[in-house]
Amino acid sequence: MRWSVLLLPSLVLAGEAGHGHSPWELLWKGLNILAFLGIVYYFGRKPIAEAFNKFYASLVESLTRSEQELIKAREELIKAKEELEKAKVKAQEAIALAQETAKTERENILKHAQEVSERIKEKAKESIQIELNRAKKELALYGIQKAEEIAREMLEKEFKKPEVQKRYIEAQLKRLEEKHAKA
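Residues numbered from 1 in each chain as written. Predicted model: local features only at pLDDT ≥ 70, side-chain atom pairs only at ≥ 80, totals over all residues. Heavy atoms only, no water.

## A few points about the overall build of the protein
So, step 1. Along the protein, the regular secondary structure elements total three helices and zero strands.
So, step 2. For the protein, the succession of helices and strands along the chain, N to C, is α-α-α.
So, step 3. For the protein, with 183 residues in total, the buried portion stands at 3%.
So, step 4. Split by element, the accessible area of the protein, about 17,300 Å² in all, is 63% carbon and sulfur. (Helix = DSSP H or I, 4+ residues; strand = E, 2+ residues; numbered from the N terminus. Buried < 20%, exposed > 50% of the residue type's maximum accessible area, 1.4 Å probe, protein only. Areas by Shrake-Rupley, 256 points an atom, 1.4 Å probe, with all protein chains shown as cover.)

Dropping the structure here:
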């Protein structure tokens with residue numbers, strides 16, 4: 001009865017439109033549609049209700065799962081931020097330590113380089129002194145040799161003179177006499 005009250009105005013309007021359908025024909029089609037919907041409702045209500053319930057349950061489960069994943073993701077984000085901050089602090093500490101180590105190493109290397117430089121200077125001074133002494137000795141020997149050569153040449157030249165030979169012989173004889181006289 002309820003359905004007929006709803007269908008009656010639509011049937012009247014449809015009849016007035018002038019499509020060539022009689023109101024009884026429209027009423028019959030309306031009743032057929034209502035009967036079809038009633039059958040579908042009677043036989044399909046349980047499976048449709050179950051399908052909707054399952055769909056609703058899956059939506060609720062999906063939303064619950066999504067909410068749990070969101071909460072978990074937020075927690076992981078917070079942990080990741082904390083770890084990032086810790087990593088930044090550790091990185092700054094590592095950089096400071098590396099800079100300090102580099103400074104110390106640089107100072108040690110400079111100190112070592114200065115020590116090596118001083119040793120090289122000392123060795124160079126010693127080598128120069130040794131070479132200078134050797135050069136002085138060689139020069140002195142060379143000077144002595146040259147002096148001997150010059151003296152020999154001068155003596156040979158002088159001994160070629162008869163008066164020099166005569167004086168030399170007289171001086172040698174006088175020495176011999178003095179040696180014999182003392183003995």
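## Re the pattern of salt bridges
So, step 1. Within the structure shown, the criterion is met by seven salt bridges.
So, step 2. When the shortest N-O distance is used, the salt bridge between Glu61 and Arg65 registers 3.2 Å. In this pair, Glu61 and Arg65 both sit in helix 2 (residues 23–159), four residues apart, roughly one turn of the helix.
So, step 3. Judged by its relative accessible area of 41%, Arg65 falls in the partly exposed class.
So, step 4. Residue Arg134 is joined to Glu131 by a salt bridge in which the shortest nitrogen-to-oxygen separation is 2.1 Å. Taken together, the positions of Arg134 and Glu131, both in helix 2 and three residues apart, correspond to about one turn of that helix. (Salt bridge = Lys/Arg side-chain N within 4 Å of Asp/Glu carboxyl O.)

## Section: the confidence of the model for the protein
When pLDDT is low, close inspection of the predicted coordinates is not appropriate.
So, step 1. Looking at the protein as a whole, the pLDDT averages 85, with 89% of positions reaching at least 70.
So, step 2. Of all secondary-structure elements in the protein, the lowest mean pLDDT belongs to helix 1 (residues 2–16), at 48, while helix 2 reaches the highest, 90.
So, step 3. Taken together, the stretch residues 1–9 has pLDDT below 50 and engages in three contacts with residues farther than four places along the chain or on a different chain.
So, step 4. Below a pLDDT of 50 lies the segment residues 11–15, which in the model reaches four contacts outside its immediate sequence neighbourhood of four places, other chains included. (pLDDT = per-residue confidence, 0-100. Contact = heavy atoms within 4.5 Å.)

## Quick look at a nonpolar patch on the surface
So, step 1. There is a patch of nonpolar side chains on the surface, built from Ile33, Phe36, Leu37, Val40, Ile48 and Phe52 and spanning about 600 Å² of accessible area.
So, step 2. Tracing the backbone through its elements, the reader meets Phe36 in helix 2. (Patch = residues over 30% accessible without salt bridge, like charges linked within 9 Å, V, L, I, M, F, W, Y side chains within 5 Å.)

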